[in-house]
Amino acid sequence: GVFTIMNYLMPLMPNRDLPPADRALPLHASANIGPDNDVSIFFGLSGTGKTTLSADPKRALIGDDEHVWHANGVFNIEGGCYAKTVGLTREKEPEIYDAIRFGSILENVGFDDMTGEVDYDDTSITENTRVAYPLKFIPNARIPAKVEHHPKQIILLTCDAFGI
């Protein structure tokens, strides 16, 4: 819902009379920043790897899904992350796995009724199992989630039904 509103309002900011290059651009993209202050933006549809790639332990996470790129840099508009959990293990994605704790929300996951232990391989409900958690649950998150300069790397993530 918020991203829909941002897609409507942000292109008109800071002033609708400005040329498009001077206004804000909402993005369905993740972003992180490296030790040399180089920002990477990852564009892609859901499921193409934005969250996984942006949660690099060697880079500070700006955000994993919704950002605004404007004349002075990039900022995150959601304040949290929304990651797929199907097949999730600490070995494969430690930052995401460790973000699952009190305050995060799991959806569509199977779990043991007796122990409450989550089975991340259970796809009996759907393969679209997810977790939502605050950005601050990622140890290397950049808070506030903004940078005052433009991205150096712009990466378009694609995938298809054949995995090519």
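Because the structure is predicted, anything quoted here is derived from the model rather than measured.

Participant: How should I be thinking about the environment of L53 in this particular structure?
Facilitator: Topologically, L53 is positioned in helix α2 (residues 50-54). For L53 and N32, which are 21 residues apart along the polypeptide, the C-alpha to C-alpha distance reads 8.9 Å.

Participant: When you look at the side chain of S104 in this model, what are you seeing that I'm missing?
Facilitator: For S104, the location among the structural elements is in the loop between α3 (94-98) and β7 (105-107). Judged by its relative accessible area of 17%, S104 falls in the buried class. In terms of polar contacts, S104 uses its side chain to reach the backbone carbonyl oxygen of R101, at 2.6 Å. Among all residues touching S104, those that are not within four sequence positions of it are A99, V131, A132, Y133 and F137.

Participant: Quick question: what am I supposed to make of unusual backbone geometry here?
Facilitator: Glycine aside, residues mostly have negative phi angles, and peptide bonds mostly take the trans form. Cis geometry is adopted by the peptide bond preceding P14, which originates at M13 and carries an omega value of -5°. Here P14 shows up in the loop between α1 (2-9) and β1 (25-33). Note that the residue after I143, namely P144, is joined by a cis bond; omega there is 5°. In this structure, N37 takes a positive phi of about 70° despite not being glycine. Locating N37 in the fold gives a position in the loop between β1 and β2 (39-43). The exposure class of N37 is partly exposed, given its relative accessible area of 42%. Phi at N108 takes a positive value of approximately 65°, unusual for a residue other than glycine. Within the element layout of this structure, N108 appears in the loop between β7 and β8 (110-111).

Parameters and conventions
- Residues numbered from 1 in each chain as written.
- Predicted model: local features only at pLDDT ≥ 70, side-chain atom pairs only at ≥ 80, totals over all residues.
- Heavy atoms only, no water.
- Helix = DSSP H or I, 4+ residues; strand = E, 2+ residues; numbered from the N terminus.
- Buried < 20%, exposed > 50% of the residue type's maximum accessible area, 1.4 Å probe, protein only.
- Polar contact = N/O pair within 3.5 Å; in protein donor to acceptor, adjacent residues only side chain to side chain.
- Contact = heavy atoms within 4.5 Å.

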